[in-house]
Amino acid sequence: MANNEELFKQIISHAKEYGYIFPSSEIYDGLSAVYDYGQYGVELKNNIKQYWWKSMVQFHENIVGIDSAIFMHPTIWKASGHVDAFNDPLIDNKDSKKRYRADVLIEDHIQKIEDKIIKEVEKAKKRFENFDEAMFRQTNQRVVEYQQKMDEITGKYAQLMGDNDLKGIKSLIEELGIACPVSGTKNWTDVRQFNLMFSTQMGSVAEGADTIYLRPETAQGIFVNFLNVQKTGRMKIPFGIAQIGKAFRNEIVARQFIFRMREFEQMEMQFFVRPGEELKWFEYWKSERIKWHQALGIAPENYRFHDHEKLAHYANAATDIEFKFPFGFKELEGIHSRTNYDLSRHEEFSGKKIRYFDTETNESFVPYVVETSIGVDRMFLAVFSNAYCEETLEDGSTRTVLRLPAILAPIKVAILPLVKKDGMPEKAREILNKLQPHFLCQYDEKDAIGRRYRRQDAIGTPFCITVDNQTLADNTVTIRERDSMQQHRIPADESITFLLNNLVL
């Protein structure tokens with residue numbers, strides 16, 4: 001775990017040093033759990049959003065997109081249940097005065113047990129391979145005991161959370177002997193609920209202002225526009241509405257870098273289906289979404305499904321796609337069968353019919369919904385942390401490289417004149433001008449060519465084009481690959497074709 005913690009610190013440091021992510025308001029000592037995306041970070045983030053949007057909207061003729069407002073009528077959040085039930089269990093340590101999410105304390109404890117299981121399994125494999133039968137049996141028994149313990153805690157925890165049993169949650173924390181990471185004591189307050197929505201006022205004067213909320217999710221903007229999109233787009237069931245947008249949650253403890261923030265961005269798609277067909281489509285979108293992730297070339301073992309044992313009151317099926325972050329497997333994307341809860345609630349609270357009329361069967365019904373929801377920032381962290389690599393080369397030197405999927409890389413190609421003289425900069429800029437309409441490029445002539453290669457490796461640039469004396473003689477260039485560091489000599493006029501063929505999944 002210590003190694004993973006150190007790795008995560010290095011990833012965070014690299015993100016700042018190379019212009020990906022900065023602490024927000026840093027010159028004023030920052031703002032907790034709020035971050036700014038730098039010059040490379042914004043490009044990677046935009047590429048992730050474009051990759052998702054194309055897969056959802058461009059490649060599906062029955063899915064369209066919208067961009068709903070952040071401010072919405074406050075009754076929307078009453079209808080959705082957020083005003084009354086959008087809470088997290090909060091607990092304080094009386095000695096350190098630190099505040100925690102009670103559920104996260106328990107989940108972290110469960111994660112530690114899971115880490116022990118993984119270590120013991122690895123020990124068991126080695127002892128089995130070494131024919132050490134006695135030690136293998138002992139180790140295997142510990143695995144069984146840890147697994148039983150984890151299953152028992154997980155089952156009890158799920159029941160308490162489902163019943164909203166705050167006293168029971170505190171009792172479980174005490175039973176497990178969970179201590180405050182700061183004070184080391186177990187002197188806890190009672191658990192209480194904390195609403196996560198940010199509220200503000202809208203109006204010309206404070207005394208006459210209405211209380212409204214910064215949206216805690218983007219899905220409701222889709223639901224309240226269901227009829228507008230369906231009618232104007234002449235959409236037929238089944239169809240989907242996609243949206244990318246900001247959401248805001250006043251997290252009790254926002255932590256783990258950009259994994260959990262107070263201002264974040266979501267990519268959501270609500271797929272409207274006939275009642276009775278929702279589970280079929282739920283399975284379809286589970287399959288489609290895992291394919292989307294694995295198409296990036298990230299190892300399949302870094303993903304897993306986690307089916308919800310205790311469902312939300314509005315759902316009849318739910319699963320998470322979890323990713324192996326440096327701090328363990330955590331939720332990356334959710335796929336939920338939300339039944340007809342959302343549209344029915346908005347129909348009830350607005351007093352307006354929100355129905356779909358099927359001209360073929362001559363029936364009217366409230367559609368069921370299958371949702372896919374992924375955090376842009378979490379996807380960014382998954383891609384970035386998976387790409388970060390420190391490696392030792394054959395000559396004994398080391399390099400830090402971001403092995404980003406080429407399609408997501410902020411800079412696709414760097415153009416580098418070997419030296420700043422003899423007409424090489426002019427030729428390099430000529431090539432740059434030809435490539436810029438097709439790719440986001442970077443020109444760099446500072447430092448030795450080796451240092452420039454290392455800088456582009458650290459940025460994550462898939463290819464570098466070097467202009468040298470031979471370029472001036474025969475109009476050929478050297479293209480260097482980031483991951484293998486192999487170099488190819490090709491005619492400069494073929495650079496566009498080469499890059500187009502290689503900057504794909």
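One structure accompanies this document, and this report is about it. Note on numbering: residues in each chain are counted from 1, in written sequence order. Residue-level local features of this predicted model are given only where pLDDT is at least 70; pairs of side-chain atoms are given and counted only at 80 or more, and the full residue set underlies all totals for whole chains, interfaces and linings. Values reported for side chains reflect all heavy atoms of the structure, with hydrogen atoms and water molecules removed beforehand.

Our focus in this paragraph is the pattern of salt bridges. Just to be clear on terms, a salt bridge is a Lys or Arg side-chain nitrogen sitting within 4 Å of an Asp or Glu carboxyl oxygen. The full count for this structure, using the stated rule, is 37 salt bridges. The partner of Glu363 in a salt bridge is Arg274, and the shortest N-O contact between them spans 3.9 Å. Placement of Glu363 in strand β15 (residues 363–365) and of Arg274 in the loop between β10 (263–273) and α10 (278–294) is noted, with a sequence separation of 89 residues between them. The cut-offs for exposure are 20% and 50% of the maximum accessible area for each residue type, with area from a 1.4 Å probe on protein chains only; residues under the lower value are buried, those over the upper are exposed, and the others partly exposed. Owing to a relative accessible area of 36%, Glu363 belongs among the partly exposed residues under this scheme. Across the pair Arg489 and Asp468 runs a salt bridge whose closest N-O atoms are separated by 2.8 Å. Separated by 21 residues along the polypeptide, Arg489 in strand β23 (residues 487–491) and Asp468 in the loop between β21 (463–467) and α15 (469–474) bring together distant segments of the chain. Overall, Asp468 belongs to the buried group, its relative accessible area being 14%. One network of salt bridges, with partners in common, ties together Glu391, Arg399, Arg403, Arg454, Asp457, Arg480, Arg482 and Asp483. Each helix corresponds to a stretch of at least 4 residues labelled H or I by DSSP, and each strand to a stretch of at least 2 residues labelled E; elements are numbered beginning at the N terminus.

Among the buried residues, those of types Ala, Val, Leu, Ile, Met, Phe, Trp, Tyr and Cys that are joined through side-chain atoms within 4.5 Å form a nonpolar core. Among the nonpolar cores identified, the biggest contains 58 residues, and Tyr20, Trp52, Trp285 and Phe380 are the most heavily contacted of them. Among the elements that take part in this core, helix α12 (residues 376–387) stands out by supplying eight residues, more than any other. When near neighbours in sequence (up to four residues on either side) are disregarded, Phe380 contacts Tyr20, Ile21, Tyr37, Gly41, Leu44, Lys45, Ile48 and Ile258. Residues Leu105, Ile110, Ile113 and Val191 belong to the second largest nonpolar core, which totals 22 residues. Here, residues are in contact when the closest pair of their heavy atoms is within 4.5 Å.

Only centres within 6.5 Å qualify two rings of Phe, Tyr or Trp (six-membered ring in Trp) as a pair; their planes then separate them into stacked at under 30 degrees, edge-to-face at over 60, and tilted for everything else. The tally for this structure, following the rule as stated, stands at 27 aromatic pairs. With a centroid separation of 6.4 Å and an interplanar angle of 70 degrees, the aromatic rings of Tyr20 and Phe380 are classed as edge-to-face. Remark: Phe380 occurs in helix α12 and Tyr20 occurs in the loop between α1 (2–17) and β1 (21–23); sequence separation between them is 360 residues. We note that Tyr20, like Phe380, is buried. Ring centres of Tyr20 and Phe384 lie 4.9 Å apart, and the angle between their planes is 65 degrees; on these two criteria the pair is classed as edge-to-face. Taken together, the residues span a long stretch of sequence, with Tyr20 in the loop between α1 and β1 and Phe384 in helix α12 at a distance of 364 residues.

Most of strand β22 (residues 476–481) sits out of view: five of its six residues are buried. When DSSP finds at least two bridges between two strands, those strands are taken to pair. In this structure, β21 lies alongside β22, joined through four bridges in antiparallel fashion. Paired with Ile465 across the two strands is Ile479, which belongs to β22. Summarising the sheet, β22 and β23 pair through five bridges and their orientation is antiparallel. Counted as the bridge partner of Val477 is Ile490 from β23. The turn linking β22 back onto β23 is made up of five residues, and Met485 within it adopts a positive phi angle of 65 degrees.

The strand order across the open sheet formed by seven strands is β3-β9-β10-β16-β13-β12-β11, and the pairing between neighbours is mixed. Only two strands of the sheet have a single partner each, and these edge strands are β3 (63–65) and β11 (303–307). Here the average twist between neighbouring strands, direction ignored, is 25 degrees. Sheet analysis places strand β13 (residues 328–339) next to strand β16 (residues 368–375), joined by six bridges and oriented antiparallel. In the sheet register, Gly334 faces β16, and the bridge partner there is Ser373. Helix α2 (residues 41–58) rests against β3, β9 (239–248), β10 and β16 of the sheet, and its axis sits at about 160 degrees to β9. Between N-to-C directions, angles cover 0 to 180 degrees, with each direction set by a line fitted to C-alpha atoms, over the stretch in contact for helices.

Packed helices, taken two at a time, are described by the angle their axes make and the gap between the axes. Two elements in contact, helix α6 (residues 133–163) and helix α7 (residues 166–175), have axes separated by 9 Å at closest approach and are oriented at 155 degrees. Judged by the inter-axis angle, α6 sits roughly antiparallel to α7. The element α6 and its partner α7 pack so that their crossing is left-handed. Residues Lys156, Tyr157, Leu160 and Met161 of α6 touch α7, and the partners they reach there are Gly168, Ile169, Leu172 and Glu175. Each residue is assigned to one of three groups, with Ala, Val, Leu, Ile, Met, Phe, Trp, Tyr, Cys and Pro labelled nonpolar, Asp, Glu, Lys and Arg labelled charged, and all others, Gly among them, labelled polar. Residues of the contact of α6 with α7, tallied by class, amount to five nonpolar, one polar and two charged. When describing relative orientation, an angle under 35 degrees is termed roughly parallel and one over 145 degrees roughly antiparallel, while 65 to 115 degrees is termed roughly perpendicular and anything else oblique. Handedness of a helix crossing follows the sense of rotation of the near helix relative to the far helix, less than a right angle counterclockwise being left-handed and clockwise being right-handed.

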